[in-house]
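Chain residues, written in single-letter form:
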Amino acid sequence: MLGRTLTSALLLALLCRSASATITQWNATGEFVNFPFSSRYPPYVLRTESGSDPDKILVVTDVSGSTYTLTAFDAATGAANYTFTVSAPNASNSELSTVTSGLPPVQQYNNTLRLLFMQMGEVVVALDPSTGQQLWAHPTYNQSTPTITGYSGDASGGTVYLTSAFIDTSRPVPTPKNYIEALDASTGAVRWANFTLLPPTSGIPTSDTAAAYGVTAMPDMAVYAQGPRLYALSAANGSQLWSIAVSTGASFGGASTNVSSVTYVEPAPPGSRGGTPAGLLLLQSTTFEQMRFMAYEFNASAPRAAPSVAWQNRGNQDFEGALNDGLARLGMQVPSVSLIDSTFLFWSNRTSFDINNGGKPLYTTYMVGRSVIDGSVAWALSMNSTGWSQLPVSRPVAHLGVAALVTGKQVVVVAAAGGGTRFVQNEAPFEPQAAGGQYSYQPLTTFANNVGQLVAVRCVGSKQPGSLCAYNGYDAAMPTSAARPRLRLGGSTHAALLAVLLGAASCLALL
């Protein structure tokens, strides 16, 4: 994984030679490309972790009865690299609801779970994405449609979590509850399965991150939050490792912390300015349309112990404006972390007041970058001042120094470190979910190697909604694979990686 990251970082550094000019690199059209249309998951990317071959983008391209065809497209050219078919275990209930890697939209540094998950009817199937071989199938609890999250590399092998959200109607006030199944990633065997703790009968929390996004997977634990409380469960047996009350450290009208998302920020390479040696939890709290962040840091000598406060947004002025409930339910409020430059990105609805018009509030949508190290604002990009749409259509997705996002009228790529614009595709998405439509437009960034960083997303503009487009914002081709060195890991590789990553991030910040 580190070898691939280093190769990609070298490519990123070379982007400094090019200006920003938008082109559609390629597109794949068809009625079922990128199916299911309403899925909140981005297209699946099969990243090349060593060597110089382009990544592959894997999407569903056809369906016949209860059998689905998947095609792996070459990220550089859009050529079909290989195809395979997958048949639903239950032909009478074969509707496809999920196609996902089980990872956050950005492939993080250490999490290398290399599986493709498809939910067809009431069954989750795990596949080898490079061959299409079915590894295992698991019926979901109570025929639910769980959120699938996972992590590789823990002591007992990779763990896959299926989190199903329910409502307990036996109480006077209906109460959310979640059923979590922890499966062995290689075999599908159930390690443990439990309901999450029910909140107290009074003071029911207004947030539940497990219900909204599934548990946050880590190397040897799963974490979720309800209201102001954070819980950790053992990956091995489901026992509760710890439970702590968290706080933003701010006094704003006596409102309590209400954790609305939990993001695991992995340990960065030794000596890196990104993150901490043991990793941390980036928590988002939303109360009264105000959004604050806090970070809780793990102890490298006791990694299973409860984390402690690294920083908090303090004071009545240090907050951001939350998106409306509809956009938040679509996951667009969740931040994305760019580990190499210690920045997390998110949408903010900032408010100002027109003193010449009776103090009328003016709302402006921003894309904001804050520091993972201390929570301070690194940059803020106004959608209004750039002339871009103020409607968020996707959450930002960061990978190796760049971040992709979709608005009501554009596909945009910016530098994660400084917010500088890389490119803009000025075409509106067709019937996006953010505007009440049926289509999701979650992007991903992927390396095609010879043409640099691409953004793969459902096509915007006049292309049919079943299409997949790869947008390239660079007007200079990258070096050919023959001209790029293959670097072996070891010795001073970490230092070399750090130098390249920081140099590339600094370059992008200036664009």
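Coordinates for the structure precede this section.
Given the structure is predicted, the values throughout are model-derived calculations rather than measurements.

Basis of the calculations
Residues numbered from 1 in each chain as written. Predicted model: local features only at pLDDT ≥ 70, side-chain atom pairs only at ≥ 80, totals over all residues. Heavy atoms only, no water. Buried < 20%, exposed > 50% of the residue type's maximum accessible area, 1.4 Å probe, protein only. Helix = DSSP H or I, 4+ residues; strand = E, 2+ residues; numbered from the N terminus. Pairing = 2+ DSSP bridges. Phe/Tyr/Trp six-rings, centres within 6.5 Å; stacked < 30°, edge-to-face > 60°. Lys NZ or Arg CZ within 6 Å of the ring centre and 35° of its normal. Contact = heavy atoms within 4.5 Å. Polar contact = N/O pair within 3.5 Å; in protein donor to acceptor, adjacent residues only side chain to side chain. Axes fitted to C-alpha atoms, helices over the stretch in contact; angles between N-to-C directions. 1 Å grid on protein atoms, 1.4 Å probe; cavity = no way out; pocket = protein on both sides within 12 Å on 5 of 7 lines; lining within 4 Å. Points joined across faces, edges and corners; volume = space filled by probe spheres on them. Nonpolar A, V, L, I, M, F, W, Y, C, P; charged D, E, K, R; others polar. Disulfide = S-S within 2.5 Å. Salt bridge = Lys/Arg side-chain N within 4 Å of Asp/Glu carboxyl O. Core = buried A, V, L, I, M, F, W, Y, C linked by side-chain atoms within 4.5 Å.

1. Section: the pairing of strand β10 (residues 147–151)
Thinking step 1. Across the five residues that make up β10, a large majority, five, are buried.
Thinking step 2. On β10, burial covers both faces: Thr-147, Thr-149 and Tyr-151 on one face and Ile-148 and Gly-150 on the other are all buried.
Thinking step 3. Sheet topology note: the β10/strand β11 (residues 159–168) ladder contains five bridges and is antiparallel. Across the sheet, Thr-149 pairs through a bridge with Tyr-161, a residue of β11.

2. Looking at the packing of aromatic side chains
Thinking step 1. Inspection of every chain in the model, using the stated rule, returns 15 aromatic pairs.
Thinking step 2. An angle of 35° between the planes, with centres 6.0 Å apart, marks the rings of Phe-430 and Tyr-439 as tilted.
Thinking step 3. The class for Phe-430 is partly exposed, based on a relative accessible area of 37%.
Thinking step 4. A residue is classified by how much of its surface remains accessible, and Tyr-439, at 9% relative accessible area, is buried.
Thinking step 5. The rings of Tyr-141, Phe-166, Tyr-179 and Phe-195 are connected pair by pair, giving a single aromatic cluster.
Thinking step 6. The lysine or arginine in question, Lys-177, covers the ring of Phe-195, its NZ or CZ lying 4.7 Å from the ring centre.

3. Some points on the environment of Gln-134
Thinking step 1. Considering the arrangement of structural elements, one finds Gln-134 in strand β9 (residues 134–139).
Thinking step 2. Here the alpha-carbon distance between Gln-134 and Phe-117, two residues 17 residues apart in the chain, equals 9.8 Å.
Thinking step 3. Filtering out sequence-adjacent residues up to four positions away, Gln-134 remains in contact with Val-125, Ala-126 and Leu-127.

4. Side note on the side chain of Ser-101
Thinking step 1. Here Ser-101 lies in the loop between β6 (96–100) and β7 (116–120).
Thinking step 2. Polar side-chain contacts of Ser-101 include one of 3.1 Å to the backbone nitrogen of Leu-103.
Thinking step 3. Residues contacting Ser-101, with those up to four places away along its chain left out, are Tyr-44, Leu-113, Leu-115 and Phe-117.

5. Considering the sheet that holds strand β3 (residues 56–64)
Thinking step 1. Here we have four strands laid out as an open sheet, ordered β2-β3-β4-β5, and antiparallel in their pairing. Either end of the sheet is taken by a strand with one partner, and the two such strands are β2 (44–46) and β5 (80–87). When the angles between neighbouring strand axes are averaged without regard to direction, this sheet yields 30°.
Thinking step 2. In the sheet, β2 pairs with β3 via three bridges, with the strands oriented antiparallel. The residue of β3 that forms the bridge with Tyr-44 is Leu-58.

6. Some words on the layout of surface pockets
Thinking step 1. Its volume calculated, the largest pocket comes out at about 940 Å³.
Thinking step 2. Contributing to the lining of the largest pocket are 31 residues, with Thr-286, Ala-322, Leu-323, Asp-325 and Ala-328 lying nearest its centre.
Thinking step 3. Those elements that place two or more of their residues in the lining of the largest pocket are α2 (209–213), β18 (259–265), β19 (280–287), β22 (320–321), α3 (325–329) and β24 (343–354).
Thinking step 4. For the lining of the largest pocket, a count of residues per class yields nine nonpolar, 15 polar and seven charged.

7. Concerning the state of the cysteines
Thinking step 1. Within this structure, the stated rule accounts for one disulfide.
Thinking step 2. At a sulfur-sulfur separation of 2.0 Å, the disulfide partner of Cys-459 is Cys-469. Because the torsion about its S-S bond is 100°, the bridge between Cys-459 and Cys-469 counts as right-handed. In this pair, Cys-459 sits in the loop between β32 (453–458) and β33 (468–474) while Cys-469 sits in strand β33, placing the two residues ten residues apart along the sequence. This pair shows no difference in class: Cys-459 is buried, exactly as Cys-469 is.

8. Examining the pattern of salt bridges
Thinking step 1. Counted under the stated rule, the structure contains five salt bridges.
Thinking step 2. Where Arg-304 meets Asp-220, a salt bridge forms, and the shortest distance between an N and an O atom there is 3.9 Å. Residue Arg-304 is located in the loop between β20 (290–297) and β21 (308–312), and its partner Asp-220 is located in the loop between β14 (216–217) and β15 (221–226); the two are separated by 84 residues in the primary sequence.
Thinking step 3. The exposure class of Arg-304 is partly exposed, given its relative accessible area of 39%.
Thinking step 4. Arg-370 is paired through a salt bridge with Glu-320; the nearest N and O atoms lie 3.2 Å apart. Of this pair, Arg-370 sits in strand β25 (residues 360–371) while Glu-320 sits in strand β22; the two residues are 50 residues apart in sequence, bridging distant segments of the chain.
Thinking step 5. Taking relative accessible area as the criterion, Arg-370 reaches 2% and is therefore assigned buried.

9. Some points on the sheet that holds strand β30 (residues 421–425)
Thinking step 1. If you trace the four strands from one edge of the open sheet to the other, you get β27-β28-β29-β30, paired in antiparallel fashion. Each end of this open sheet is capped by a strand with a single partner; those strands are β27 (397–399) and β30. Strand-to-strand twist of the sheet, defined as the mean angle between neighbouring strand axes without regard to direction, takes the value 15°.
Thinking step 2. Across five bridges, the pairing between strand β28 (residues 402–406) and strand β29 (residues 411–415) is antiparallel. Bridging from a neighbouring strand, Val-402 pairs with Ala-415 of β29.

10. Digging into the nonpolar core
Thinking step 1. The biggest cluster of nonpolar side chains holds 55 residues, and the ones touching the most others in it are Leu-70, Phe-84, Leu-96, Leu-116, Met-118, Met-120 and Tyr-471.
Thinking step 2. Here the element with the most residues in this core is β28; it accounts for five residues.
Thinking step 3. The residues touching Phe-84, leaving out its near neighbours within four places in the chain, are Leu-58, Tyr-68, Thr-69, Leu-70, Leu-116, Leu-127, Pro-129, Thr-131 and Gly-132.
Thinking step 4. Ranked by size, the runner-up nonpolar core spans 31 residues in total, among them Ile-180, Val-262, Tyr-264 and Phe-298.

In short, shape yes, function no, at least from these values alone.
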